[in-house]
Amino acid sequence: MTETLSELEQAAALPLPTADEVAGAWDLHPKKHPATREQREAIFNRLSFGVDYTDHMAHAVYDEGKGWHSKVIEPYGPLTLDPAAAVFHYGQEIFEGLKAYRHDDGSIWSFRPGYNAARLNASARRLAIPELPVEDFLASIVGLVRADADWVPSVPGSSLYLRPFIIATEPFLGVRSARRLDYLCIASPSGPYFVNGFQPISVWVSPDYHRAGPGGTGAAKCGGNYASSLVPKLAAHEEGFDEVCFLDAATNTNVDELGGMNVFVVYEDGSVSTPVLTGNILEGGTRGAILQILRDRGNVVREETIPLQSLIADIESGKVAEVFACGTAAVVTPIGRIAGEGFDVSVTGGDVTKSIYDQVTSIQLGHAPDPYNWTYQLSA
Ligand SMILES: *Cc1c(COP(=O)(O)O)cnc(C)c1O
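Conventions adopted
- Residues numbered from 1 in each chain as written.
- Predicted model: local features only at pLDDT ≥ 70, side-chain atom pairs only at ≥ 80, totals over all residues.
- Heavy atoms only, no water.
- UniProt positions renumbered as here; feature names shortened; annotations may be inferred.
- Helix = DSSP H or I, 4+ residues; strand = E, 2+ residues; numbered from the N terminus.
- Expected span 1.5 Å × (residues − 1).
- Buried < 20%, exposed > 50% of the residue type's maximum accessible area, 1.4 Å probe, protein only.
- Core = buried A, V, L, I, M, F, W, Y, C linked by side-chain atoms within 4.5 Å.
- Contact = heavy atoms within 4.5 Å.
- Axes fitted to C-alpha atoms, helices over the stretch in contact; angles between N-to-C directions.
- Parallel < 35°, antiparallel > 145°, perpendicular 65-115°, else oblique.
- Nonpolar A, V, L, I, M, F, W, Y, C, P; charged D, E, K, R; others polar.
- Near = heavy atom within 4 Å.
- Polar contact = N/O pair within 3.5 Å; in protein donor to acceptor, adjacent residues only side chain to side chain.
- Areas by Shrake-Rupley, 256 points an atom, 1.4 Å probe, with all protein chains shown as cover.
- Phe/Tyr/Trp six-rings, centres within 6.5 Å; stacked < 30°, edge-to-face > 60°.
- Lys NZ or Arg CZ within 6 Å of the ring centre and 35° of its normal.

- The protein chain has the name branched-chain-amino-acid transaminase in an unreviewed UniProt entry, where Flaviflexus ciconiae is given as its organism.
- The record in UniProt for the protein chain states the following under Sequence similarities (unreviewed entry): "Belongs to the class-IV pyridoxal-phosphate-dependent aminotransferase family."
- A UniProt comment under Cofactor (unreviewed entry) is attached to the protein chain, and it reads "pyridoxal 5'-phosphate".

In structure tokens:
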């Protein structure tokens, strides 16, 4: 049981410059013919996830000896890259995901952007990528969201999804860390995650594939982890399941996480447990926020090893009341069924899951007080 803040949580707790302080730090090169109101509304009327993009993107270049330079907000569009760019061959890439929300008064906010800035740099250190100063990360997001403010939807449950990422663009086929890289942030208006209400998902525990292993890149948010999760995800879909749950690669016995979401178990006695960070698990900002909220509610919270066999036994005996997954996209998703080779169990409870969903989304939307200082105003 750990109550001390992780390195990432400590970095995320450092004070940030205000949006007004960093606004304009990245030069705006406005698009000549941005989307019309009608075009935007047509997109807003059929919002899904990751399909549509705004008029602009943030872009900066890193050159060894020069650092990050050419920081701009420019028209969204294709990149021209040398086919020898290292990212195409050796996958030197990291990314982040966060959202901008429109509050009732029209102002635009994000949730823990300092966490994403700190995690981008933690991932950067693992992938031998130069770190991006936190002020630059913020300036890119503030600049982009202010340029594309009209693209932040106001339909309940919708948001502007922001995808910052860094790719190795040096054209070189030798294997070493690149000396030239590009940082970009793109933005995509996205609709409510739960279209048919708060629907529980089904999860297939992969018997043989792992998303990461000891000493690997499991704790970094990098494309490679996702590439390796596609085959097991496909297998889960073929078995009729929504998502894959990965076990730890060292022993193949303990619950790690889903392909892109952390896992929580709520027990009948009110205690809550989530897999302890082993270096294979991606430390989610949503996970951290939920841990904080539960501790402040007075729940007993454990970050611990969760053997799959104990989880199954505890579900069967009724000791487990709820299981849920969490991440920026959905906030939380109830898990209603967990199956794998030789087992298939159902969980029906969801009150704690729903109450966490309500509390986190209320803070994000400015409908509840924010004692943790998690919300960050991007624009008036
Ligand atoms: C991004 C991600 C999460 C969730 O992180 P949040 O910061 O909560 O969005 C969980 N697991 C993996 C593998 C991820 O890539």
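**Some thoughts on helix α5 (residues 113–126)**
Then, number 1: The terminal C-alpha atoms of α5, which comprises 14 residues, lie 20 Å apart, in line with the 20 Å expected from a rise of 1.5 Å per residue.
Then, number 2: Across the 14 residues of α5, 11 count as buried, placing the element largely inside the fold.
Then, number 3: Positive backbone phi, approximately 55°, marks Ala128, located one or two places after α5.

**Looking at the nonpolar core**
Then, number 1: Counting residues in hydrophobic clusters, the biggest one holds 46 residues, and the most contacted among them are Val145, Leu162 and Tyr183.
Then, number 2: If sequence neighbours within four positions are ignored, Tyr183 has contacts with Trp26, Ala58, His59, Ala60, Trp68, Leu120, Leu132, Phe137, Ser140, Pro164, Phe165 and Ile166.
Then, number 3: Val255, Val263, Ala325 and Phe343 belong to the second largest nonpolar core, which has 24 residues in total.

**Details of the UniProt feature "modified residue: N6-(pyridoxal phosphate)lysine" (unreviewed entry) in the protein chain**
Then, number 1: Within this structure's numbering, the places UniProt gives as "modified residue: N6-(pyridoxal phosphate)lysine" (unreviewed entry) are Lys221.
Then, number 2: Along the chain, Lys221 turns up in the loop between β9 (201–205) and α7 (223–227).
Then, number 3: Sequence-distant contacts of Lys221, defined by excluding residues within four places in its chain, comprise Ile94, Phe95, Glu96, Gly97, Arg119, Ser123, Tyr226 and Leu282.

**Details of the packing of helix α9 (residues 285–297) against helix α11 (residues 351–364)**
Then, number 1: It is the contact of α9 with α11, at a shortest axis distance of 11 Å, that shows an interaxial angle of 110°. Relative to α11, the element α9 is oriented roughly perpendicular. For the pair formed by α9 and α11, the contact residues are Ile290, Ile293, Leu294 and Arg297 on the first element and Val352, Ser355, Ile356, Gln359 and Val360 on the second.
Then, number 2: Its residues assigned to classes, the contact of α9 with α11 comprises 6 nonpolar, 2 polar and 1 charged.

**Some details on the site of the ligand**
Then, number 1: Neighbouring residues of the ligand: 15 residues in total, closest Lys221, Tyr226, Glu257, Thr286 and Thr328.
Then, number 2: Lys221 places a polar side-chain atom, nitrogen or oxygen, 2.7 Å from an oxygen atom of the ligand.
Then, number 3: Within the side chain of Tyr226, an N or O atom sits 2.4 Å from an oxygen atom of the ligand.
Then, number 4: Starting from 380 Å² of accessible surface for the ligand in isolation, the protein chains cover 96%.

**Points about the packing of aromatic side chains**
Then, number 1: One pass over the full model with this rule turns up 11 aromatic pairs.
Then, number 2: With a centroid separation of 5.3 Å and an interplanar angle of 10°, the aromatic rings of Tyr53 and Tyr76 are classed as stacked. One end of the pair, Tyr53, is in the loop between α3 (37–44) and β2 (56–63); the other, Tyr76, is in the loop between β3 (67–75) and α4 (86–90), with 23 residues separating them in the sequence.
Then, number 3: With relative accessibility at 31%, the residue Tyr76 sits in the partly exposed group.
Then, number 4: Centre to centre, the rings of Phe264 and Phe324 are 5.0 Å apart; their planes meet at 5°, and the pair counts as stacked. With a gap of 60 residues between them, Phe264 in strand β12 (residues 262–267) and Phe324 in strand β15 (residues 320–327) connect regions that are remote in the sequence.
Then, number 5: Since its relative accessible area comes to 0%, Phe264 is described here as buried.
Then, number 6: Judged by its relative accessible area of 0%, Phe324 falls in the buried class.
Then, number 7: Over the ring of Phe198 we find Lys354, and its NZ or CZ is 6.0 Å from the ring centre.

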